[in-house]
Amino acid sequence: MNFFYQQTRHFIVVVFLLSFVSLSTLAAKPVIALEKELTPVTLSIKQPLTIAINETSFPYHAIDEQGNVIGLMADMWRLWAKKQHVDIQFVVLPWLETLSQVAKGSVDIHGGLSIIDSRRDTLDFSASLFHVYSHLYVHQQLNSVDSLADLKPYSIGVVTGSAHIEKLQKFHPDLALKSYDNRHDLYRAALNNEILVFTGLEKLADDFPDYERLRQRFPVHKVLRYQQGDYGVAVAKNNASLLSFIEQGFAKISRKESAAIERKWLGLDKQKDSLLVVFSSHYPPYMGVSPSGEPQGLLIDVWRLWSKSVGINVEFVARDMVEGVDLIAEQKADILLVYPDHMKAPENTLFAKPIYLSNVQVFVNHALKNSEGKKIHSLEQFSKNFSQGIIGIWQDASFKEQFIAQYPQINIRYFSSLSTMLNAADQGEISAIVGLVDIINAKLVQSNLQALFYRLDSPVITLNLSPLIHQQNTKLMQIINKGFNELDINSLIQIEARWLNGNTGEYYYKKQAQKISLHDDELAFLASRGKINLGIIKQLSPIEFIDELGDFAGINRDIINLISDRTSIEFNYVAFDSWQQLYKALLANEIDMLGSITPIPEREKVLLFTDSYWQMPWVMVHPQYYGRKNKLEDFYGKQVAIVKGYYIIANLRKKHPLITFKLVDHREQALVALQQERIDGFITTMASATHLLKQENIVTLMISMMEDVSLDTSHFAISKQLPLLNDIINKGLRSITEKEKQIIYDNWFTLAIKTGLDKNVVLQVGAQIGVIILLVLGVIVMWNRRLQVEIKHREQLEKIMKHMATHDELTGLANRVLLKDRLSTAIAFHQRQSLKMAVLFIDLDGFKNINDTHGHDVGDELLQQVALRLQGCVRSSDTVVRFGGDEFVLLLTGLHSPNEAAYVAEKVLRLMQKEFELSKTEAFIGCSIGIAMYPADGDNDTELLKIADTMMYKVKAAGKNHYIFN
């Protein structure tokens, strides 16, 4: 039934002119209900109705720069007026006057406010329009504040007359409050450091002139939610007819209409065809925010990967976990990122399938040992040996009921936050703590308490972390589940490696990859194919060889055995005398696969390559009297042997033209040439070199690691005709743990060196003596020619060496030698000019996994792109340095405040988290940044680099992809 009983428009106008409308009494109903039939009441309507609003009550009501009334309630009132066919007029007043003017009847309606008991003496409230959440905004430097209990030492800023005062005095009377006339005065006090904590609603007022600086100092991840209340509108006491008319209009506003307005103003608005994903920022490394407020964390990146895979855009909004559940139930957001699904699904919500599993375990103090002085391994042992011991647990932990039910005899002490629990552990007030392993690990390292505790083997409580959606979104449920089922496990493993610290064997996605499950087509392939022909080299110990019994042995055999056990592949081993013969056989499809090969573009055109399963450094075998060498430049002007067919030959010749490379058929040939001093060195892998030097030889040799040659990665190469075999071998490789690889390594690199001379060695010595006599004569003839060559290359060599001494060869950036020089020079200059400078120590997060997965060529390409992005973040007067490996340093000079360094750090974080387009793949990484400031953190290069390095490791321990100052 319509408000005017479907009368004609003419009649409506007449009625308004007479200022009387006939309606019946309307009982108060929740305004979230849909439009229903209403009974008429009699109400005197004056035109227009006046509505009191406050200019700083953003996001509910405020005014913009042009003086227009804006905000959630402004839009709601405009829609209400349209539904009720009446005119309204907003009256802008200071906050306390909005209350008094409505109470006196000078203004008809209060535009919107929290419903609290103290206001009922002078106002009548409508039914609740929606829930409103009260928050405390905490300064970013208060690192120890995680709960309201941590705020006792601080004054909390509030607006005079706001509902926050009554709520805090009622529920938290021990907190000190400091009042300000309006919200903008409150914000200014916060920026002037008069207060470090202040009250607010869902978001800061972005109409505040210095909003960006305020947001940076009081970031969203530091916000604490302390109260949920109701929000409505009000009229003067005993004006029931007007209140009924108001509620009648709000009842006509559909849930869809009101939700759209709430999304727009409460930071929940989103682009068309996007999903709004709510997450809590208090659970790093799973989910959190960067210093600039960007969502980040392991599960954030997993959702971004899902978004890219299914082609649906996602937008993230940070909210308290409880508030997030409410947003899903009220359909204001689409997805709650994760929620422990052992909890009962809240009303009107459903769980999707788990996207991550996390373990809860107990960490006990290192001082606690059993009667034999050994570590205990279970909570049962703890209870038996330390019956009075207290275990700390976070009061809001979702697993606490399950834990207590399992161990009712344990002494439990609840804590309001993880930080207060760790402080109690540090003070010896409790003997153990219980929590999610990854979160506790990060917190312990962040607090420098990692040496204080060790982890018990049992109990282990596994929590399934699942997305939460509204129960009506069954189609969305299917899309979510299907999308996660199809995600590439390698990409998930890379994300996990980027964010987590600790034992990689415990990582969830890593363990998922180790669970080998073959598809029907893969099983059919193995059944039809029979045995797989694996080509091997007869003498390449310890990598692969035929032993004294004629069996295939070595590192590759041990790897293949594990793959065979887990995939049921049967192998047939085909032996070859040389690498060249083996490689040609694979190209001719005479064998199906071979091992210990590194992918390069030419090979990838004709073969398939598995993941890397082994890494080995390149070394130089040379006479001991040369002394220790560590770079190929040490062999400029000399002759070095290398086995034919090695993929690095062309690259070495290009990069090191001053070395003469001699190709040999096999390593034994190189060894003989080295002993006869026909060459100066032999470049090979560490495995091959150590095997050679386990023999006792007449010429004493040694091994030097070549730092400027990238690690050799071992892969299996497979015929292009067998893509299914490639997939199966990869599944087998991913199932091999680091511990299993270490066992194989220990087995082959701790063998005793053989001793004693045999007949062949004696004959070899005789031959060598004759050769040495001839060499003495030859040396005299050759010396002059060699000297001329040396002189000819001298200038070129000096030029090359001078540049290489101060620059990184791969990226062209300055190296640590040049950094030290520029730091020292800059310190002297800044001391004279009384200026500041910053040292930013940067370590890439997730680089190692990309390097291991795709090879060093891809890794090098990524480092080159990183170098370019870093150069784009700084001025020409600053210095970008490749410090080594995946570590970089930025030297920022001529600064006036640390904020300038923070700006550059945030820019670096944003650029590093953007996608890298590489030749073979697309990569996502992050970085951890530690910042040291001159002169506050040190007055010399050593101190500044040490502080910056230490800060970087603190960032890594605390969740990565962040920056901190000392």
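Attention here is on the structure that accompanies the text. (Residues numbered from 1 in each chain as written. Predicted model: local features only at pLDDT ≥ 70, side-chain atom pairs only at ≥ 80, totals over all residues. Heavy atoms only, no water.)

### Quick notes on the pattern of salt bridges
A complete count under the given rule lists 35 salt bridges for this structure. Here Asp301 and Arg304 are joined by a salt bridge, their closest N and O atoms 3.3 Å apart. Taken together, the positions of Asp301 and Arg304, both in helix α9 (residues 298-310) and three residues apart, correspond to about one turn of that helix. Taking relative accessible area as the criterion, Asp301 reaches 8% and is therefore assigned buried. Here Arg304 falls in the partly exposed class, since its relative accessible area comes to 31%. For Arg667, the salt bridge goes to Glu668, with nearest N and O atoms at 3.3 Å. Glu668 gets classed as partly exposed once you look at its relative accessible area, which sits at 32%. (Salt bridge = Lys/Arg side-chain N within 4 Å of Asp/Glu carboxyl O. Helix = DSSP H or I, 4+ residues; strand = E, 2+ residues; numbered from the N terminus. Buried < 20%, exposed > 50% of the residue type's maximum accessible area, 1.4 Å probe, protein only.)

### Structural notes on helix α32 (residues 941-958)
In a regular helix each residue adds 1.5 Å, so 18 residues correspond to 26 Å; α32 covers 26 Å between its end C-alpha atoms and thus fits that length. Restricting attention to buried positions, one finds in α32 the residues Asp941, Leu944, Leu945, Ala948, Met951, Met952, Val955, Lys956 and Ala957. Regarding α32, its N-cap is Asn940, as a side-chain oxygen of that residue lies 3.1 Å from the backbone nitrogen of Thr942 further along. (Expected span 1.5 Å × (residues − 1). Polar contact = N/O pair within 3.5 Å; in protein donor to acceptor, adjacent residues only side chain to side chain.)

### Some points on α9
In this model α9 runs 19 Å from its N-terminal to its C-terminal C-alpha over 13 residues, within 8% of the 18 Å that 1.5 Å per residue would give. Among all positions in α9, only Leu298, Leu299, Ile300, Asp301, Val302, Trp303, Leu305, Trp306 and Ser307 are buried. Positioned one or two residues after α9, Gly311 has a phi angle of 80 degrees, which is positive.

### Concerning the environment of Ile430
Locating Ile430 in the fold gives a position in the loop between α13 (418-426) and β24 (432-436). On a C-alpha basis, the gap between Ile430 and Arg413 in space is 8.2 Å, while along the polypeptide they are 17 residues apart. Excluding anything up to four places from it in sequence, Ile430 contacts Ile390, Gly392, Arg413, Phe415, Met421, Ala424 and Ala425. (Contact = heavy atoms within 4.5 Å.)

### Focus on the side chain of Thr853
Inspection of the secondary structure assignment puts Thr853 in helix α29 (residues 847-854). For Thr853, the side chain forms a polar contact with the main-chain oxygen of Asn849, separated by 2.7 Å. With sequence-adjacent residues up to four places away left out, Thr853 is seen in contact with Gln494, Asp611, Ser612 and His715.

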